[in-house]
Amino acid sequence: MAGSWDGGYDSGSQSDESYNFERLHVEPIYDAFVCPLTKQVMHDPVTLENGQTFEREAIEKWFKECKESGRKLVCPLTQKEVKSAYLNPSIALRNTIEEWSARNEAAQLDLARRSLNLGSPESDVMRALKYIQYSYRTSRSNKHILHNTEMVPKIVDMLKSSSRKVRCKALETLRIVVEEDSDNKEIMGQGDTVRTIVKFLSHELSKEREEAVSLLYELSKSEALCEKIGSVNGAILILVGMTSSKSENILTVEKADKTLENLEKFENNVRQMAENGRLQPLLTQILEGPTETKLSLASFLGELALNNDVKVIVARTVGSSLINIMKSGNIQAREAALKALNQISSCEASAKVLIEAGILPPLVKDLFTVGSNQLPMRLKEVSATILASIVSSGYEFDSITVGPDHQTLVSEDIVHNLLHLISNTGPAIECKLLQVLVGLTNSPTTVLNVVSAIKSSGATISLVQFVEAPQKDLRVASIKLLQNLSPHMGHELADELRGTVGQLGSLIKVIAENIGITEEQAAAVGLLAELPERDVGLTRQMLDDGAFQLIFSRVVSIQKGETRGSRFVTPFLEGLVAVLARVTFVLAEEPSAISLCRENNLAALFIELLQSNGLDKVQMVSATALENLSLESKNLTKLPELPPPGFCASIFPCFSKQPAINGLCRLHRGTCSLKESFCLLEGQAVEKLVALLDHTNEKVVEAALAALSTLLDDGVDVEQGVLVLCEAQGVKPILDVLLEKRTENLRRRAVWTVERILRTDEIAYEVSGDPNVSTALVDAFQHTDCRTRQIAEHALKHIDKIPNFSGIFPNMG
């Protein structure tokens, strides 16, 4: 009892958890307590017929060896034969040993308890913890002693030790003393012990971390402690992270996973797991939990931020269940389901899963139902939001029945109902329903149905009015819808925008905002770009409002690189160029259009834009604008003023030859410039247009060829035009366009241009030897419209493939 550890003790196990313990003896060991065979204190002493006492297990083993070797049974001490193998229990001795052991173990546990002190040497603390582990595993009575001596709090104190070895051993010891012991678990739940254990989880890839996970797993077997563990900030987050770790010890990962499974008993823990990426427990509760839990967690699911991959998994797992809840009559249940569906429908792939699960019919019904069973307006807004997300998935909605009589989303009655709701609800729902129509008009398979329904309902006026809405989201949805409709009902929209209400001005105002480039601006300019380009009235109003000057400045700003980094810059620039090109379609009717083009040198801008590589639409529109400008050149060229003939010339015609005038345009025979008369030759645009004839986009090729054709048009010197093309090495690319026959429009345009080129004898002679050109012209002569056939016939005559009879028959005129 003096506090010294002496004597030897072997636990009998060779595992890593077995130790040689020194024993403190309250009283000496009597020889009668020690088995002669094992030299250890006996636990179950038995006596032979000769009075010798042994440990039961040891003597049984001795007798077994005797039998197996064929020897007689003898006493291992006396080596004399015994007649019987009967072992008589020494109950009195066993009781005496137990009492002696209890006194000694109690003393040793007391010494261990006193050694558990932060000031004790590390070796003493380690020895004490090892002994407690052994003692707790081997003796039930010691468990009672541990409870009564407040041993568990003393072990917990060792978690604060500066020694890593002590902390690890303390965690290990705590795990052992709480296994199958609810009392010790209850003790562990007091104070900040659980929080302290959780802190060890943040020790990356350490033994402490592994021991802490094992200990938490044991504690999580207690429902009371499950809630305690979940309440520690960061505990569930770290455990979830460990389950997905690739570098963690596999046993540690398994313990973390099992711990989380135990923590799932509490809803708050399930919520935390879902927030940290472990969604399956929440989904399982939505599928299988009590009604109240289902609704609570469904509503919570609607508040979670999920990535798109997870949304698909959630939709596949609980989509059908949520749709069934949505169809129930309970408003609270429907609200919870709608919130969750709103969250998981906002990605294309998950939206398609929900469509296949049957979300559309109940969703449409919720929107259109009126009366006692109708949804409150706030929930109709959620339904409209879900429908907008669903429709934006790009599904073929003309094949899905959503109402009686096989109605689909694009059936006239359904679209009429949507339009009615748009006109009779608040801005939030109006915005979402407009987005629904945007989604339906994005698809070429459904846009015509929507256009037809809008026309039959007379809703064009009301849709255009939203352009002036004060709410930005509402304006954007409206403008995007009108942009989708404009290719199919451009004249109707132009008529409405030309009115005095001011919607056209509102669109221009949106475009003019110098706040970077927004989706609204790109949609607004895209809408104007799609309106009929030859609508003189609309263009005239835009001229009067100064819209083109504004748009010109925005294009120049982008060209200078003053606006960068916006994902809408490309559609915005494409729209700006298309709207600016409108002014070139009314040059003959509007002198102010010519003035605008001259003042801003638009021809030079469009030539520059021809080189916008990667922006096919910009190149195509620019080439078309240059075609329009070039067609007007012959009317704008200043012809030279010739002096009146002199007296001699009036009498003698041989003296009437006019003097040569230098500096005149070869094509237009007058004074030309790019800025004043839009002459492509003066603007050095020919080479740039020829370069586009090799473009992969046939629409760009067609526009470039059309612009080049103006060099050969009536009213210009065609022969000089051909020479200009030759100098720009443009004849062969034009012939190549004819040979490729990429589209009918291109072929018609190419046939016209080639015929003009072949009027030059030298070229005609050279081309006549090319069988491919002849074949292409013959094919055009046989398989195109009447006008093109006539032109192809003329071209074939130029290369002597069709005889020219005009010189044989007398002129019958």
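Quick caveat, the model's predicted, so the values are computed rather than measured.

Calculation notes
Residues numbered from 1 in each chain as written. Predicted model: local features only at pLDDT ≥ 70, side-chain atom pairs only at ≥ 80, totals over all residues. Heavy atoms only, no water. Core = buried A, V, L, I, M, F, W, Y, C linked by side-chain atoms within 4.5 Å. Buried < 20%, exposed > 50% of the residue type's maximum accessible area, 1.4 Å probe, protein only. Helix = DSSP H or I, 4+ residues; strand = E, 2+ residues; numbered from the N terminus. Contact = heavy atoms within 4.5 Å. Phe/Tyr/Trp six-rings, centres within 6.5 Å; stacked < 30°, edge-to-face > 60°. Lys NZ or Arg CZ within 6 Å of the ring centre and 35° of its normal. UniProt positions renumbered as here; feature names shortened; annotations may be inferred. Expected span 1.5 Å × (residues − 1). 1 Å grid on protein atoms, 1.4 Å probe; cavity = no way out; pocket = protein on both sides within 12 Å on 5 of 7 lines; lining within 4 Å. Points joined across faces, edges and corners; volume = space filled by probe spheres on them. Nonpolar A, V, L, I, M, F, W, Y, C, P; charged D, E, K, R; others polar. Pairing = 2+ DSSP bridges. Axes fitted to C-alpha atoms, helices over the stretch in contact; angles between N-to-C directions. Salt bridge = Lys/Arg side-chain N within 4 Å of Asp/Glu carboxyl O.

## What about the nonpolar core?
A general trend in soluble globular proteins is that nonpolar side chains are found buried together. In this structure, L282, L301, I359, L360, L409, M542 and F606 are the most contacted members of the largest nonpolar core, which totals 191 residues. With 10 residues, the single largest contributor to this core is helix 25 (residues 472–497). When near neighbours in sequence (up to four residues on either side) are disregarded, L282 contacts V270, A274, L297, F300 and L301. If you look at the next biggest cluster of nonpolar residues, it comprises 48 residues, including I155, V240, A256 and L263.

## A short note on the packing of aromatic side chains
This model, assessed by the stated rule, comprises 4 aromatic pairs. With a centroid separation of 5.3 Å and 75° between ring planes, the pair formed by Y30 and F33 is classed as edge-to-face. Overall, the relative accessible area of 44% leaves Y30 in the partly exposed class. By the ring-pair criterion, three or more aromatic residues cluster together here, those being Y30, F33 and W100. Here the basic side chain of R71 rests over the ring of W62, its NZ or CZ set 5.9 Å away from the ring centre. In this structure, R789 is placed above the aromatic ring of F781, and the distance from its NZ or CZ to the ring centre is 5.4 Å.

## What about the UniProt feature "repeat: ARM" (unreviewed entry) in the protein chain?
In this numbering, the UniProt entry assigns the feature "repeat: ARM" (unreviewed entry) to residues 684–711. For the annotated span residues 684–711, helix accounts for 64% and strand for 0% of the residues, and the straight-line distance between the end C-alpha atoms is 13 Å.

## Remarks on helix 29 (residues 547–559)
An α-helix turns once per 3.6 residues; consequently, residues spaced three or four apart project the same way. Over its 13 residues, helix 29 extends 19 Å from the first C-alpha to the last, a length consistent with the 18 Å expected when each residue adds 1.5 Å. Residues of helix 29 that are buried include every one of A547, F548, I551, F552, R554, V555, S557 and I558, and no others. Elements in contact with the buried residues of helix 29: helix 26 (503–512), helix 27 (519–530), helix 28 (536–544), helix 30 (569–581), helix 31 (591–600) and helix 32 (602–609). G561 sits one or two positions beyond helix 29 and adopts a positive phi of about 80°.

## Let's talk about helix 20 (residues 377–391)
For helix 20, which comprises 15 residues, the first-to-last C-alpha distance of 21 Å matches the rise-based estimate of 21 Å (1.5 Å per residue) to within 8%. Here helix 20 lies mainly inside the structure; 12 of its 15 residues are buried. Regarding helix 20, the residues found buried are L379, K380, V382, S383, A384, T385, I386, L387, A388, S389, I390 and V391. Turning to helix 20, the residues buried within the fold contact helix 17 (331–344), helix 18 (348–356), helix 19 (360–368) and helix 22 (427–442).

## So, the UniProt feature "domain: U-box" (unreviewed entry) in the protein chain
UniProt's feature table lists "domain: U-box" (unreviewed entry) at residues 28–107, given in the numbering used throughout. Between the C-alpha atoms that bound residues 28–107 there is a distance of 14 Å. The span itself is 39% helix and 10% strand.

## Some remarks on the layout of surface pockets
In this structure, the second largest pocket occupies an estimated 450 Å³ of space. For the lining of the second largest pocket, the secondary-structure elements that each account for two or more residues are helix 27, helix 30, helix 33 (616–636) and helix 37 (698–709). It is helix 33 that contributes the most residues to the lining of the second largest pocket, 5 residues altogether. For the lining of the second largest pocket, a count of residues per class yields 10 nonpolar, 1 polar and 8 charged.

## Describing the sheet that holds strand 2 (residues 53–55)
Strand pairing in a sheet relies on backbone hydrogen bonds. The paired strands run either parallel or antiparallel. Spatially, the 3 strands line up as an open sheet ordered 2-1-3, and their pairing is antiparallel. In this open sheet, the two strands that pair with only one neighbour each are strand 2 and strand 3 (88–89). With 3 bridges joining them, strand 1 (residues 45–47) and strand 2 adopt antiparallel strand pairing. Each residue of the ladder has a partner; that of P45, found in strand 2, is E55. Packing of helix 1 (residues 56–69) onto the sheet brings it into contact with strand 1, strand 2 and strand 3, and relative to strand 2 it is tilted by some 95°.

## Examining the pattern of salt bridges
Oppositely charged side chains may form a pair once their charged atoms are brought near each other. The full count for this structure, using the stated rule, is 41 salt bridges. Taking the shortest distance from any N to any O, the salt bridge between K72 and E81 comes out at 3.9 Å. E81 gets classed as exposed once you look at its relative accessible area, which sits at 51%. Residue E590 is joined to R540 by a salt bridge in which the shortest nitrogen-to-oxygen separation is 2.5 Å. With E590 in the loop between helix 30 and helix 31 and R540 in helix 28, this residue pair connects regions lying 50 residues apart in the sequence. Classification of E590 by relative accessible area gives buried; the value is 9%.

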